[in-house]
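What follows is each chain in one-letter form.
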Amino acid sequence: MLSKEEVLRIAKLARIELGEADVEKFQKNLSTVLEYVEALKTVDTSGLEEVSQVTGLINVQRDDRAVLAQNREEILGQAPEIKDGYFKVKAIL
Amino acid sequence: MEFLHLTELRKKLDNREVSSSELAKYFLARIKKLEPQLKAFVTVTEEAALKDAQEADEFINSPGENPFLCGIPYVSKDLFATRGIRTTASSKILDEYKPPFDATVTRKLKEQKSVLLGKTNLDEFAHGSSTETSAYGPSHNPWDTSRIPGGSSGGSAAAVAGGLSPWATATETGGSIRQPSSLCGVSGWKPTYGRVSRYGVIAMASSLDSPGAIAHSVEDLAHLAEAMAGQDEKDSTTGHVPVPQYSRNLTADIKGLKIGIPKEYFLDGMEEGVKQRVMEAVKELEKMGAKTVEVALPNTKYGSLVYAIVAPSEISSNLMRYDGIRYGHTVPAAADLLGVYEKSRAEGFGDEAKRRIMTGTYVLSAGYYDAYYKKAQKVRRLIVNEFAEAFKQVDLLVCPSSPNVAIKLGSAKDNPLFGYIADQLNIPGSLAGLPALSVPCGYARPADNDTPSMDGLPVGLQIIGPQWGEQQVFNAGFAYQQATDWHKQYPSLE
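Residues numbered from 1 in each chain as written. Chains lettered and ligands numbered in written order. Predicted model: local features only at pLDDT ≥ 70, side-chain atom pairs only at ≥ 80, totals over all residues. Heavy atoms only, no water.

**Comments concerning the overall build of chain A**
- Within chain A one finds 3 helices and 2 strands.
- Traced from its N-terminal end to its C-terminal end, chain A shows the element sequence α-α-α-β-β.
- Radius of gyration (C-alpha) of chain A: 22 Å, far over the 12 Å computed for a compact globule of 93 residues.
- Taking the principal axes of the C-alpha coordinates as reference, chain A spans close to 55 × 45 × 25 Å.
- Residue burial in chain A is summarised as follows: out of 93 residues, 31% are buried. (Helix = DSSP H or I, 4+ residues; strand = E, 2+ residues; numbered from the N terminus. Rg over C-alpha atoms; globule rule 2.2 N^0.38 Å. Buried < 20%, exposed > 50% of the residue type's maximum accessible area, 1.4 Å probe, protein only.)

Written out as structure tokens, the structure reads:
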């Protein structure tokens, strides 16, 4: 089973605050999933290439041209806090 | 009227037997009446629907040909961005989110003057197979409202099955169209990966996500595929393969069609009635001239395991964007920026989303990447190769869409493996990007035997084709529906 410290470390990386009861629950839940996938380790995959794009497309590109968004207000209107037409965040320094 | 096929609605609209406004009002009234039982919706867009219907009527009454979907009402899984209309992914973190843009699918449907009636419920961010992880509570199965409709597109399936909408958009990552279609007794199309644009469809696992549709017949689905499919500059993973005229090319002549029956898809623990109905459907296809042969897909058992790594990995990355800054739920009272992230996400996400985000974060973290993610993507190659080999021998594969009929609401709750097990017959095909259908093929008693539904509950027949092989999948489903009338049987809800 994953340790408390491991779950807290994962939660930190995932940017999710966990309460005491959560830690225990996710210790169990995550361990169940990790045990479930354990059998994959025994599969012989030597010489096999990973799947990264299943229909075989490679480097699809399009012209890099700027398009003017006509709905700046609509976009900013979704933010909990804006100031002078910018998204507002707390100071990080 | 509530169960008319799209092809029939098109005729009635073109012949002025009914107007789009009348249709919209009819279905909105039905939603009002049945929604308390089914809880299929997150949002009903009555006002916009009536306005759109009026515009469609004006278009129909002016000279010229009408696009196939013009004036026809539909509902959209609440994962498709609809400009100015609340789009929640059934998550509290997007509770008040109104997208400033349309998904490509939404845009295409608008261009045909479709009429959106509302947004349907799903498992939160499509993480689940029962709609029970929705922040707004579960939807109910119209055949027996004490049971799950399946998921994640459970609201869409329930809405179509209950006659609340002629069709619905839906999405698959690993079974989220086929399984609810099967459990609700409707026809569902899971497209080839990249056949339909993902642009504006809230992302779950980007290497798997496939937007598709649920309707009353395969013929309707063929029309919908024409409306929804195609390359999109805004989704670079859409295929550069032309979209055939699926509906015009439909044929029920399947003489000589080679159908593989994968023995690994008939599990030991599977409900006997499900197995029987599917084998009866196979006999029906044989009667029409199809040749069946048993095929072996021994790596099927690894499908859900691969998925349980690949999907959470991509989820953890995709869901990082919900940070409480640009849109969505926020906790401004935090002490610093990190605190805003951590608290907003802690409050905004439900348990299943958190589980998947954290599973993904773990298997992608330093030291584990090779052992989990890389390994899973290699086993995925085995599955892809195995299907490719099978399609050298056969044209299509046929099997059940779900190992069981609908289970009781609540029985899947808090099982972190439920989705992976429920979708074990759908996930391998998803990992290989294959197109598939689920079509109703009869009824079976549930294992608990406790249902007022006389004959039992709907069973779904799954038809899987090679990549871009939509046409032959549709043809087989169409042929089956010419010979049977399971797709024309409806639950009694009054």
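On we go from here.
**What about empty space enclosed by the protein?**
- In the structure shown here, the tally under the stated rule is 4 cavities of 30 Å³ or more.
- In this structure, the largest cavity occupies an estimated 60 Å³ of space.
- Lining the largest cavity we find B:Ala126, B:Gly128, B:Ser129, B:Gly174, B:Ser176, B:Met204, B:Tyr307, B:Arg356, B:Gly419, B:Tyr420 and B:Asp423.
- Of the residues assigned to the lining of the largest cavity, the class counts are 4 nonpolar, 5 polar and 2 charged.
- What the second largest cavity holds in volume is close to 50 Å³.
- A:Val33, B:Pro312, B:Glu352, B:Arg355, B:Arg356, B:Thr359, B:Pro416 and B:Tyr420 together form the lining of the second largest cavity.
- With 4 residues, the single largest contributor to the lining of the second largest cavity is helix α12 (residues 351–364) of chain B. (1 Å grid on protein atoms, 1.4 Å probe; cavity = no way out; pocket = protein on both sides within 12 Å on 5 of 7 lines; lining within 4 Å. Points joined across faces, edges and corners; volume = space filled by probe spheres on them. Nonpolar A, V, L, I, M, F, W, Y, C, P; charged D, E, K, R; others polar.)

**Points about the layout of surface pockets**
Residue and element names in this part refer to chain B.
- What the largest pocket holds in volume is close to 430 Å³.
- Contributing to the lining of the largest pocket are 26 residues, with Glu 132, Thr 133, Asp 351, Glu 352 and Arg 355 lying nearest its centre.
- Sorting the residues of the lining of the largest pocket by element identifies α11 (337–348), α12 and α14 (418–422) as the ones contributing at least two each.
- Partitioning the lining of the largest pocket into residue classes produces 5 nonpolar, 9 polar and 12 charged.
- The calculated volume of the second largest pocket comes to roughly 320 Å³.
- In terms of lining residues, the second largest pocket is bounded by 15 residues, among which Phe 101, Gly 200, Val 201, Ile 202 and Arg 321 are the most central.
- The residue inventory of the lining of the second largest pocket, partitioned by class, reads 10 nonpolar, 1 polar and 4 charged.

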